[in-house]
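The chain contents come next:
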Amino acid sequence: MAKVGFIGLGNMGAPMAANLVKAGHEVIGFDLSPPAIEGAKARGLTIAASAAEAVADVDVVVTMLPSGKHVLGAVEGLFKAARPGTLFIDSSTIDVASAHAFHKAADAAGHESLDAPVSGGVMGAEAATLTFMCGGTAGAFAKAEPLLAAMGRKSVHCGDAGAGQTAKICNNMILGISMIGVCEAFVLGEKLGLSHQALYDVASTSSGQCWALTTNCPVPGPLPTSPANRDYKPGFATALMLKDLKLSQDAAQHAGAATALGAAATALYAAFEEEGFGGKDFSGIIEWVRTREA
Ligand code: NAD
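Bear in mind that the values here come from a model prediction, so they are computed numbers and not experimental data.

1. Some remarks on the packing of aromatic side chains
For step 1, the next point in the chain: Per the stated rule, a full pass over the model turns up five aromatic pairs.
For step 2, the next point in the chain: With centroids separated by 4.6 Å and ring planes inclined at 85°, the aromatic side chains of Phe79 and Phe88 adopt a geometry described as edge-to-face. Neither residue differs from the other here; Phe79 and Phe88 are each classed as buried.
For step 3, the next point in the chain: Measuring from ring centre to ring centre gives 5.6 Å for Phe236 and Phe282, while their planes differ by 75°; the resulting arrangement is edge-to-face. Pair noted here: Phe236 is in the loop between α10 (211–214) and α11 (238–255) and Phe282 is in the loop between α12 (260–277) and α13 (285–291), with a separation of 46 residues, a long-range link.

Written out as structure tokens, the structure is:
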């Protein structure tokens, strides 16, 4: 069993850290926010007095922070406070350039590192059913695997440093584009007099089948478990989808990749968020699509 320092005990970090404890690992957590600390204590987690204390005497450090600037800001001190050879796993969703900077700084400080963003959301974090997409050396991945298995159902070693973040934003770019495609198809069907159920029954068993349709269907009715049936309460909030789409567009620009549909999806989600819908499930964009002029 490992000794783990866990930095960032928010919506995702707190249940992930609690699952490590359930699996028998010793976890010392830290967060800057008093409500997050209270929430973590209520789950039975041990909280350190500082981030440095949380990582000083552990085998592995997991970070679960909002963005690249938070991760790079935090690890500067953490790398100094940890014992040389500590494995740092960053599970935050961050930009690919910051992920590379994280690995480079870890290496310079004598630590091992893995970028390991997740998919599966808060429900997956609670149920320990997350998917981890990992970038780093085979050795770092092998060391991390037992811990990842305590917090998730599947871990994929995607390649070298940064490959986990790359896989994450590519996957979510597919998701953002496909959700808008599904919404446009339902709205077109409505205008032509086609029932939601009929389109669902056909597309869900035909070539239009995709996660956005059959797991997160944007209209109420055909799939009772989808957020559309509870006024688009997330689920996966629009603000988080927009964050990931923006990361995909930054990376696309950097890499010189043409992503016309990714750019269009980013613009549409940005407009939807600007109108005050950042807290709605990302499938809620159908209501906005419905009101657009042709
Ligand atoms: P959150 O805002 O609930 O939690 C982040 C926590 O980090 C906060 O409690 C904050 O106080 C803490 N923090 C920030 N800087 C810190 C520092 N220097 N030291 C210690 N604590 C610090 O966010 P979340 O929903 O838990 O998401 C975390 C990451 O996971 C993000 O990168 C997000 O994009 C990604 N993610 C979230 C979801 C989701 O559904 N919420 C799904 C997949 C991936």
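2. Things to note about the packing of helix α8 (residues 163–191) against helix α9 (residues 196–203)
For step 1, the next point in the chain: Orientation of α8 relative to α9, taken along the N-to-C sense of each, is 135°, at an axis distance of 10 Å. Comparing the axis directions of α8 and α9 gives the class oblique. Read as a crossing pair, α8 and α9 show a hand that is right-handed. Each of Ala185, Phe186 and Glu190 in α8 lies in contact with α9, whose residues at this interface are His196, Leu199 and Tyr200.
For step 2, the next point in the chain: The residue inventory of the contact of α8 with α9, partitioned by class, reads four nonpolar, one polar and one charged.

3. Structural notes on the pairing of strand β2 (residues 26–30)
For step 1, the next point in the chain: Within β2, four of the five residues are buried, which leaves it mostly tucked inside the rest of the structure.
For step 2, the next point in the chain: With helix α1 (residues 13–22) bridging strand β1 (residues 3–7) and its parallel neighbour β2, the resulting β-α-β unit is right-handed.
For step 3, the next point in the chain: Pairing of β2 with strand β3 (residues 46–47), which is carried by two bridges, proceeds in the parallel orientation. Of the residues in β3, the one forming a bridge with Gly29 is Ile47.
For step 4, the next point in the chain: The β-α-β motif built from β2, the intervening helix α2 (residues 34–42) and the parallel element β3 has right-handed crossover chirality.

Reading the values: the criteria
Position labels on residues start from 1 in each chain and follow its written sequence. Only residues with pLDDT of at least 70 are given local features in this predicted model, and only at 80 or more are side-chain atom pairs given and counted; all residues enter the totals for whole chains, interfaces and linings. Values reported for side chains reflect all heavy atoms of the structure, with hydrogen atoms and water molecules removed beforehand. Centres within 6.5 Å are what make two rings of Phe, Tyr or Trp a pair, Trp counting through its six-membered ring; a difference in plane orientation under 30 degrees is then read as stacked, over 60 as edge-to-face, and the rest as tilted. Each residue's exposure class comes from its accessible area (1.4 Å probe, protein chains only) as a fraction of the maximum for that residue type: buried when under 20%, exposed when over 50%, partly exposed otherwise. What counts as a helix is a DSSP run of H or I of at least four residues, what counts as a strand is a run of E of at least two, and both are numbered from the N terminus. All axes here are fitted lines through C-alpha atoms, helices being fitted over the stretch that makes contact, and every angle between N-to-C directions spans 0 to 180 degrees. The labels follow the angle: roughly parallel below 35 degrees, roughly antiparallel above 145, roughly perpendicular from 65 to 115, and oblique for the rest. Working rule for handedness: look at the near helix, and if it is turned counterclockwise from the far one by less than a right angle, call the crossing left-handed; if clockwise, right-handed. Contacts are assigned to residue pairs that have any heavy atoms within 4.5 Å of one another. In this count, Pro and Cys sit with the nonpolar residues alongside Ala, Val, Leu, Ile, Met, Phe, Trp and Tyr, while Asp, Glu, Lys and Arg are called charged and the others, Gly among them, polar. Seen with its strands pointing away from the viewer, a crossover is right-handed if its path from the first strand over the helix to the second goes clockwise. Any two strands with at least two DSSP bridges between them are considered paired.

Function cannot be inferred from these measures alone, as they are strictly geometric.
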